[in-house]
Structure formats: C-alpha cells, structure tokens
Amino acid sequence: MAEEFTPPVIEKELGVLSESKAGWKLELNFVSWGGRPAKYDIRSWDPEHNKMGKGVTFTKAELAELKKLLNSLDLE
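Computed from a predicted model, the values in this text were never measured in an experiment. Per chain, residue numbering runs from 1 following the sequence as it is written. Since the coordinates come from a predicted model, pLDDT governs what is reported: local features require at least 70, and pairs of side-chain atoms require 80 or more to be given and counted, while whole-chain, interface and lining totals use all residues. Hydrogens are left out, water is left out, and the side-chain values use all remaining heavy atoms of the structure.

I'd like to hear about the overall build of the chain, residue by residue, with values.
The helix and strand tally for the chain stands at 1 helix and 4 strands. Think of it this way: any DSSP run of H or I at least four residues long counts as a helix, any run of E at least two long counts as a strand, and we number them from the N terminus. Along its sequence from the N terminus, the chain presents helices and strands in the succession β-β-β-β-α. With a 1.4 Å probe rolled over the protein chains alone, any residue whose accessible area is under 20% of its type maximum counts as buried; one over 50% counts as exposed, and the rest are partly exposed. Taking all 76 residues of the chain together, 17% fall into the buried category. Here, two residues are considered to be in contact whenever any of their heavy atoms come within 4.5 Å of each other. In the chain, the share of contacts with a sequence separation of at least 24, taken over all contacts with a separation of at least 6, comes to 17%. The protein chains shown are the only cover counted for residues, whose accessible areas, like all others here, come from Shrake-Rupley with a 1.4 Å probe. For the chain, the accessible surface area stands at approximately 6,200 Å², while carbon and sulfur atoms represent 55% of it. A residue counts as positive if it is Lys or Arg and as negative if it is Asp or Glu; His and the chain ends are not included. Taken as the charge centre is NZ of Lys, CZ of Arg, CG of Asp or CD of Glu, depending on the residue. Averaged over its 11 positive side-chain charges, the chain has a centre that lies 2 Å from the centre of its 13 negative ones.

Tell me about the pairing of strand β1 (residues 9-19), and please be specific about residues and values.
Two strands qualify as a pair provided DSSP detects at least 2 bridges between them. Of the strand pairs in this sheet, β1 and strand β2 (residues 25-32) are connected by 8 bridges, and their pairing is antiparallel. Bridging from a neighbouring strand, Glu-19 pairs with Lys-25 of β2. Between β1 and the antiparallel strand that follows it, β2, lie 5 residues; Gly-23 among them carries a positive phi value of about 95 degrees.

Please provide a residue-by-residue account of the packing of aromatic side chains, values included.
The rule is short: rings of Phe, Tyr and Trp, with Trp giving its six-membered ring, pair when the centres are within 6.5 Å, and they are stacked under 30 degrees, edge-to-face over 60, tilted in between. Tallying each qualifying case throughout the model produces 1 aromatic pair. On the basis of an interplanar angle of 50 degrees and a centroid distance of 4.8 Å, the ring pair of Phe-30 and Tyr-40 is categorised as tilted. Here Phe-30 is found in strand β2, whereas its partner Tyr-40 is found in strand β3 (residues 39-45), with 10 residues between them in sequence.

Describe unusual backbone geometry, and please don't skip the residues or the numbers.
For His-49, which is not glycine, the phi torsion reads 60 degrees and is therefore positive. Residue position: His-49 is located in the loop between β3 and β4 (52-58). Under the relative-accessibility criterion, His-49 is labelled partly exposed at 25%.

Could you give an account of the pattern of salt bridges, naming the residues involved and the relevant values?
Think of a salt bridge as a Lys or Arg side-chain nitrogen and an Asp or Glu carboxyl oxygen that are within 4 Å of each other. If you walk through the whole model with that rule in mind, you get 2 salt bridges. A salt bridge links Arg-43 to Asp-41, with the shortest nitrogen-to-oxygen separation between them at 2.8 Å. Linking Lys-68 and Glu-65 is a salt bridge whose minimum nitrogen-to-oxygen distance equals 3.1 Å. One end of the pair, Lys-68, and the other, Glu-65, are both in helix α1 (residues 60-72), 3 residues apart, so they sit about a helical turn from each other. Since its relative accessible area comes to 54%, Lys-68 is described here as exposed.

Here's what the structure looks like:
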C-alpha cells in the first residue's frame, strides 16, 4: 500500500525564478520531503503555498553540476 502523501517542509526559500499572471511562482527552495534530509527543489507554488505544480529536486552535488552546465552555456 502506498504511503500517505506528506506535504513538503520548505526549510529555506532561496528565490523566485518567475511569476505567472495568476500569481503562481516558480521557486528555488531547500525542501524536506517526507521527513528526509532537505534537497534543492524547483517547482511552481500558488500564492499561499497550499498547491504546487510538478517540479524537480536536486542533491547538492546535482545542483553543482547543473550550475557548471549553465555557466558553460552561451545565452546570447
């Protein structure tokens, strides 16, 4: 049987990447899921942080690799 869903605990809000006209924000946060150690998380949240969209979660090592990759891109 599947475990009951436990909402994530946002340990630290790190920044907002964008905001929709409806007020949903794409955020980078440090989040603990199911009482496990916190990870870096990018996902959309409603203005009250009651609802969330699909997102992606990174360990510190994964986020460091993503940072290297993004720094190597030529965005011009």
